[in-house]
Amino acid sequence: MTSTTRRRAALVPALLVLLPAALLGAGAPAAHAVEPQPVRPFVPAADEDADVVAAWQDWQARDVHDYVISVRLSCFCVPREAVRTVVRDDRTVRVERGDRRLAPARGWSVDEVYSLISEALPASDSVRVEWSRQGVPTSVAIDPSEMIADDETFYTVSVRRLG
C-alpha cells in the first residue's frame, strides 16, 4: 500500500519539530542500556490522516510486541548507519548503530515512526509514506518546505518479528 500526503504549513514550526529530531545524537557518546525503556505509544488523534489510521490498524491487528526495527536516516548530512532497536514486550531492550551500543532513548519503535509521521504531516509541505501490507511505514520522505533546497529527510524502515 502506498500513500502520498501533502499539507501546507509554516516553515518555522516545521524546522522546530523536525530538524532537532533528525540531528539529535550526532556525536553523542555511546551508552549502555541499564534498564529497558517502555515504548512511547502512538495514539491516533481524532483528526488523524486516514492513511495513517488505516495502516496503524493493520499494524495493531498483527499484535506484535517483540521485534527488531532498523531505521536509516538519509538527508543532506553526514551518512550514518541505521539504528537497530530490539523491542521485547513493548520495551526497548537494545539499541545499536553499527557496532556501537546506544542508550534506549536513542532507539526507534514502530509507534515512534508513526508519531514522526503524525507530527510531520501538519508541519511540512510534503510527507510521502510507503506502507507494507502489515502496516509498517517502510519509507518516509519529509520535506518541511518545498521552497528550500536540501532540507528533506528520508527514513528507510524495516521490521522483523521476533519469535
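Here the residue numbers are simple positions, counted from 1 along each chain's written sequence. The predicted nature of this model means local features are confined to residues of pLDDT at least 70 and side-chain atom pairs, given and counted, to a pLDDT of 80 or more, with totals for whole chains, interfaces and linings taken over all residues. To obtain the side-chain values, all non-hydrogen atoms of the structure were used and water was disregarded.

Caption draft 1: Focus on the nonpolar core. We call a set of buried residues a nonpolar core when its members are Ala, Val, Leu, Ile, Met, Phe, Trp, Tyr or Cys and they connect through side-chain atoms within 4.5 Å of each other. Partly exposed describes any residue whose relative accessible area lies between the buried limit of under 20% and the exposed limit of over 50%, with all areas from a 1.4 Å probe on protein chains only and scaled to the type maximum. Membership of the largest hydrophobic core comes to 30 residues, with the highest contact counts inside it found for Trp59, Ile69, Trp108, Val113, Tyr114 and Ile117. Segments assigned H or I by DSSP are reported as helices when at least four residues long, segments assigned E as strands when at least two residues long, and all are numbered from the N terminus. For this core, the secondary structure elements donating two or more residues are helix H2 (50–61), strand S3 (67–75), strand S4 (83–88), helix H3 (110–123), strand S7 (126–131), strand S8 (137–143) and strand S9 (153–161). A per-element tally of this core places H3 first, with 7 residues. The residues contacting Val113, other than those within four sequence positions of it, are Ile69, Val71, Trp108, Pro137, Val140 and Val157. Any two residues having at least one pair of non-hydrogen atoms within 4.5 Å are treated as being in contact.

Caption draft 2: H2, seen in detail. Expected span of a helix, by definition, is 1.5 Å for each gap between consecutive residues, and there is one gap fewer than residues. Taking 1.5 Å of rise per residue, the 12 residues of H2 would be expected to cover 16 Å, and the 16 Å separating its terminal C-alpha atoms lies within 8% of that figure. For H2, the complete set of buried residues consists of Val52, Ala55, Trp56 and Trp59. All buried residues of H2 project into a common sector of 105° when viewed along the axis, lining one side. Of the residues in H2, the exposed ones pointing more than 90 degrees away from the buried face are Ala50, Gln57 and Ala61. Where the residues of H2 are buried, they touch S3, H3, S7 and S9. Throughout this description, a polar contact denotes any pair of N or O atoms lying within 3.5 Å of each other; where both atoms belong to protein, one of them has to be capable of donating a hydrogen while the other can accept it, and for residues adjacent in sequence the pair is counted only when both atoms sit in side chains. Two to three positions downstream of the cap, the backbone nitrogen of Asp51 sits 3.0 Å from a side-chain oxygen, assigning the N-cap of H2 to Asp49. Our arc is simply the arc of the directions from the helix axis toward the C-beta atoms.

Caption draft 3: Region of the structure containing the state of the cysteines. A pair of sulfur atoms, both from cysteines and within 2.5 Å, is called a disulfide here. In the structure shown here, the tally under the stated rule is 1 disulfide. Covalently, Cys75 is tied to Cys77 through a disulfide, its sulfur atoms 1.8 Å apart. An S-S torsion of about 95° defines the bridge between Cys75 and Cys77 as right-handed. Its relative accessible area of 35% is what places Cys77 among the partly exposed residues.

Caption draft 4: Looking closely at the side chain of Ser126. Tracing the sequence through the fold places Ser126 in strand S7. The class for Ser126 is buried, based on a relative accessible area of 1%.

Caption draft 5: Seen up close, the confidence of the model for the protein chain. On average, residues of the protein chain score 84 in pLDDT, and 79% of them are at 70 or above. Each residue gets a pLDDT score, which is the predictor's confidence in that residue and runs from 0 to 100. Within the protein chain, helix H1 (residues 11–23) has the poorest average pLDDT of any element, 41, and S4 the best, 98. In this model residues 6–33 is a low-confidence stretch, pLDDT under 50, and it forms 50 contacts with partners more than four residues away in sequence or in other chains.

Caption draft 6: Focus on H3. In this model H3 runs 20 Å from its N-terminal to its C-terminal C-alpha over 14 residues, within 8% of the 20 Å that 1.5 Å per residue would give. For H3, the full list of buried residues reads Val110, Asp111, Glu112, Val113, Tyr114, Ser115, Leu116, Ile117, Ser118, Ala120, Leu121 and Ala123.

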